[in-house]
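# Tertiary structure, described
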Amino acid sequence: MEKSIKVFAPATVANVTCGFDVLGFAVNSPGDEVIIRKRNKPGILITKITGDEGKLTKNPEENTVSVSILKMLDKLDSQQGFEIELHKKMPLGSGLGSSSASTVAGVFAANELLGQPFKQQELLPFAMEGERVACGSAHADNVAPALLGGFVVVRSYTPLDVVKIPTPPKLFASIIHPHIEVRTKDARSVLRKDLSLHDAIKQWGNVAGLVSGLLLSDYSLIGRSMHDVVAEPYRSALIPGYYEVKQSALDAGALGAGISGSGPSVFALSDSEKTANKVAQAMSKAFHELDIDNDIFVSKINEKGPVIL
Ligand code: HSE
């Protein structure tokens, strides 16, 4: 059995507009890398973290990667020790599922080194514990697509029931990360706790439409369904120029656009790579016009989830 392993896990776009906490997809880049080595004594050591500007803790009781692995070891009643190196290849607090990518890479790597006691989908509850540490809420709409790849629906949290659905072949994502930080915890605290029946009807119509559009590869239906009355009206205030950036994506030919996860990144879906590139340039320009520097990512939907490097 291997003693050390290096794993990549992808960034993710949670919510996908109308699917707050229940829908997400993975992209090919960016993503994070984790190297894990077996120790010959118990306990987890985080030996190195790069790319985090010193922001992440090396305390194994508080780091999302080690917390998830510790939960897994608890479940197995295992005393196996590990050394962890975490290489962040994407910005923190960006709405790209940064903590989820690391956590998923970590639990996947540990499971491999332990001889795969768990099936891939069974790793999800452990990875969700990492989300609880990261932002106080164990939502699955980043960790599930990071773990399974593709588009994932969280049908239910109790009991946990997630479904991977097929990705339309021509779909591309454009993601713009403006250089501002929004903490998920803060972005969750601005949300309203209650929803009117009127808004609930709009939202579940759009969720059903979006899932149907994905299943049918109906790009127009996907676009028509990408509306959110639950989070966008409140979270948009945390992203300067949000509505201008979104409009620039639609004007450039995107099927739809919205806030990526809890923001501040903004994403759009398009039905070709060419349009996705054009959309990304338009969104980037819209942020630049407000003097906000940004990074551009254009990617096909990632179907694989974590991979051994
Ligand atoms: N569904 C979560 C949210 C994703 O929007 O708060 C953020 O990680």
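Treat the numbers as computed from the prediction; the structure is a model and nothing was measured. (Residues numbered from 1 in each chain as written. Predicted model: local features only at pLDDT ≥ 70, side-chain atom pairs only at ≥ 80, totals over all residues. Heavy atoms only, no water.)

## Overview of the site of the ligand
Neighbouring the ligand are the residues A14, N15, F20, D21, H139, D141, N142, T184, R188, R235, G261 and S262. A distance of 2.5 Å is found between a nitrogen atom of the ligand and a side-chain nitrogen or oxygen belonging to D21. Contact distances for the ligand include 2.8 Å between an oxygen atom and a side-chain N or O atom of N142. Calculation on the ligand without its partners gives an accessible area of 260 Å², and the protein chains cover 96% of this total. Tallied by class, the residues present in the shell around the ligand amount to 2 nonpolar, 6 polar and 4 charged. The residue makeup of the shell around the ligand includes at least three contributed by each of domain 1 (4-165) and domain 2 (172-300). (Near = heavy atom within 4 Å. Polar contact = N/O pair within 3.5 Å; in protein donor to acceptor, adjacent residues only side chain to side chain. Areas by Shrake-Rupley, 256 points an atom, 1.4 Å probe, with all protein chains shown as cover. Nonpolar A, V, L, I, M, F, W, Y, C, P; charged D, E, K, R; others polar. Domains from an automatic or database assignment.)

## Things to note about the side chain of T167
Positionally, T167 belongs in the loop between β6 (161-165) and β7 (172-178). Not counting chain neighbours up to four residues away, the residues in contact with T167 comprise G150, F151, I301 and E303. (Helix = DSSP H or I, 4+ residues; strand = E, 2+ residues; numbered from the N terminus. Contact = heavy atoms within 4.5 Å.)

## Here we look at the packing of helix α9 (residues 242-251) against helix α10 (residues 273-289)
Here α9 crosses α10 at 155°, and the two axes come no closer than 8 Å. Relative to α10, α9 is oriented roughly antiparallel. Crossing of α9 against α10: the hand is right-handed. Here α9 contributes E244, V245, S248 and A249 to the contact with α10, which in turn contributes V279, A282, M283, A286 and F287. When its residues are assigned to classes, the contact of α9 with α10 shows 7 nonpolar, 1 polar and 1 charged. (Axes fitted to C-alpha atoms, helices over the stretch in contact; angles between N-to-C directions. Parallel < 35°, antiparallel > 145°, perpendicular 65-115°, else oblique. Left-handed = near helix turned anticlockwise from the far one by under 90°.)

## Concerning the domain arrangement of the protein
Domain boundaries in the protein define domain 1 (4-165) and domain 2 (172-300). Taking the mean C-alpha position of each, domain 1 and domain 2 sit 24 Å from one another. Opposite the 30 residues of domain 1 that make contact, domain 2 presents 38 residues. The junction of domain 1 with domain 2 conceals about 2500 Å² of combined surface from both sides, 69% of it contributed by carbon and sulfur atoms. Contact with domain 2 buries area across many residues of domain 1, yet T17, C18 and F20 alone supply 26% of it, more than any other trio. As a salt-bridge pair, E181 and K55 come within 3.3 Å of each other at their nearest N and O atoms. Summed over the shared surface of domain 1 and domain 2, the number is 12 residue pairs in polar contact (both at pLDDT 80 or more). Looking at the side of domain 1 that touches domain 2, the elements with two or more residues in it are β1 (4-14), β2 (23-39) and β5 (151-156). It is β2 that contributes the most residues to the side of domain 1 that touches domain 2, 7 residues altogether. (Buried area = accessible area lost by both parts, 1.4 Å probe. Salt bridge = Lys/Arg side-chain N within 4 Å of Asp/Glu carboxyl O.)

## Here we look at helix α2 (residues 98-113)
For α2, with 16 residues, the first-to-last C-alpha span of 23 Å sits near the 22 Å given by 1.5 Å per residue. Across the 16 residues that make up α2, a large majority, 14, are buried. (Expected span 1.5 Å × (residues − 1). Buried < 20%, exposed > 50% of the residue type's maximum accessible area, 1.4 Å probe, protein only.)

## Focus on the pairing of β7
Counting buried positions along β7 yields 7 of 7 residues, so the element is predominantly enclosed. Of the two faces of β7, the one lined by F172, S174, I176 and P178 and the one lined by A173, I175 and H177 are each fully buried. Across 5 bridges, the pairing between β7 and strand β9 (residues 266-270) is antiparallel. Opposite S174, over in β9, you have A268 as the bridge partner. In this sheet, strand β10 (residues 294-300) lies alongside β7 in antiparallel orientation, the contact comprising 7 bridges. The residue bridging F172 from the neighbouring strand is K300, located in β10. (Pairing = 2+ DSSP bridges.)

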